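# Structural overview
Each chain, written out:
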Amino acid sequence: KLLASRARSCLGIDCNQLLDKEMERETEVGVRVRTMLSHGQVPGLAYTAELLKDLMTLTSSDSLVLENCPLYVDQVELLEQEFNISKVYFVDADEKVVNQWKARFVAKVPDEQTEEQMKVFSDRRTYLDAIVKRFARQGLLQRLKVTDNAKEAQFSSLLDAGDLPKFVLVM
C-alpha cells in the first residue's frame, strides 16, 4: 500500500483478495470462478490478470503494485506476457522479522488450522526463492533489507533510494 501511495495513478492490489471480492460482487468473472471452485477446479492466474487489466482501465491507472502474486515461478511468464514488469521489490528480512510475519500469518486462522497455515507459509517462502532468483537474473530485483519490523518512516526511506516504475511486484 505504501508503494502504491507514493506514485501518481498507481493501483495497489492484494491478489489474494481480488477473486474473493469478485465472487462477493457476483461479477461475470466472479461467477465463473465460483463455478470452477464448486467443481473442484482451481482458477488460473489468467483470471487475475484479466481483472488487473480491467481495474487499470477502470481507474485510469498506469502502474500497478501487486501483493501475493505471483506465488509460483511459472506464473511469472503469464504476468510478463500481459504486463511490462520494470521492477520487483523484495523485502529481504532477517529471521526475527520473518518469524514475526509467520506469527501474524498463522494468527489469521483458527487454532485447529495452525499447523496447516505454518506449512503454507513455509511453502510460500520456498517458492519465493525461485521467483526472486528469476527476477534477479533479469536485473529487475531491488532488495529492501529489513532487520526489524520497519515502521512506515523507515520503509519510506528504503523506498526513497529507488524509483517507482510502471509495474511492481511486492513479495
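As the structure is a prediction and not an experimental result, all values here were calculated from the model.

### A few points about the packing of helix H2 (residues 15–25) against helix H4 (residues 45–59)
Where H2 contacts H4, the two axes come as close as 10 Å, and the packing angle between them is 85 degrees. Classified by the interaxial angle, the pair formed by H2 and H4 is roughly perpendicular. Residues Cys 15, Leu 18, Leu 19 and Glu 22 of H2 touch H4, and the partners they reach there are Tyr 47, Thr 48, Leu 51, Leu 52 and Leu 55. By residue class, the composition of the contact of H2 with H4 is seven nonpolar, one polar and one charged.

### Quick notes on the packing of helix H6 (residues 95–106) against helix H7 (residues 114–137)
Two elements in contact, H6 and H7, have axes separated by 9 Å at closest approach and are oriented at 135 degrees. Comparing the axis directions of H6 and H7 gives the class oblique. Our pair here, H6 against H7, has a crossing hand that is right-handed. Taken together, the residues of H7 that come into contact with H6 (itself represented by Val 98, Trp 101, Lys 102, Phe 105 and Val 106) are Thr 114, Gln 117, Met 118, Val 120, Phe 121, Arg 124 and Arg 125. Residues belonging to the contact of H6 with H7 are distributed by class as follows: seven nonpolar, two polar and three charged.

### Comments concerning the nonpolar core
Ile 13, Leu 52, Leu 64, Leu 66, Phe 83 and Phe 135 are the most contacted members of the largest nonpolar core, which has 30 residues in total. When contributions to this core are tallied by element, the ones reaching two or more residues are strand E1 (10–14), H2, helix H3 (28–38), H4, strand E2 (63–67), helix H5 (73–82), strand E3 (87–93) and H7. If one sorts the elements of this core by residue count, H4 sits on top with six residues. Judged by nonpolar contacts, the second largest core, of seven residues, contains Val 91, Val 97, Val 98 and Val 146.

### Quick word on the pattern of salt bridges
Working definition: two side chains of opposite charge can pair if their charged atoms are close together. Evaluated as defined, the whole model comprises eight salt bridges. Across the pair Arg 25 and Glu 22 runs a salt bridge, and its minimum N-O distance is 2.6 Å. Of this pair, Arg 25 and Glu 22 both sit in helix H2, separated by three residues, roughly a single helical turn. Residues Asp 92 and Arg 143 are paired through a salt bridge, measuring 3.3 Å at the closest nitrogen-oxygen approach. Of the two residues, Asp 92 is situated in strand E3 and Arg 143 in strand E4 (residues 141–146); the sequence distance between them amounts to 51 residues. Among the residues examined, Asp 92 registers a relative accessible area of 19% and is labelled buried. Look at Arg 143 and you get partly exposed, because its relative accessible area is 42%. Among the ionic contacts, a cluster of salt bridges with common partners joins Glu 77, Glu 80 and Arg 134.

### Here's the deal with H7
Here H7 spans 35 Å end to end across 24 residues, near enough to the 34 Å set by a 1.5 Å rise per residue. Looking at H7, one finds that the buried residues are Gln 117, Phe 121, Leu 128, Ile 131, Val 132, Arg 134 and Phe 135. Taken from the residues just after H7, Gly 139 is the one with a positive phi, measuring 75 degrees.

### What about the confidence of the model for the chain?
Considering every residue of the chain, the mean pLDDT works out to 82; 81% of them sit at 70 or more. Of all the helices and strands in the chain, strand E5 (residues 167–170) carries the lowest mean pLDDT, 52, while H3 carries the highest, 92.

What counts, and at which threshold
- Residues numbered from 1 in each chain as written.
- Predicted model: local features only at pLDDT ≥ 70, side-chain atom pairs only at ≥ 80, totals over all residues.
- Heavy atoms only, no water.
- Axes fitted to C-alpha atoms, helices over the stretch in contact; angles between N-to-C directions.
- Helix = DSSP H or I, 4+ residues; strand = E, 2+ residues; numbered from the N terminus.
- Parallel < 35°, antiparallel > 145°, perpendicular 65-115°, else oblique.
- Contact = heavy atoms within 4.5 Å.
- Nonpolar A, V, L, I, M, F, W, Y, C, P; charged D, E, K, R; others polar.
- Left-handed = near helix turned anticlockwise from the far one by under 90°.
- Core = buried A, V, L, I, M, F, W, Y, C linked by side-chain atoms within 4.5 Å.
- Buried < 20%, exposed > 50% of the residue type's maximum accessible area, 1.4 Å probe, protein only.
- Salt bridge = Lys/Arg side-chain N within 4 Å of Asp/Glu carboxyl O.
- Expected span 1.5 Å × (residues − 1).
- pLDDT = per-residue confidence, 0-100.

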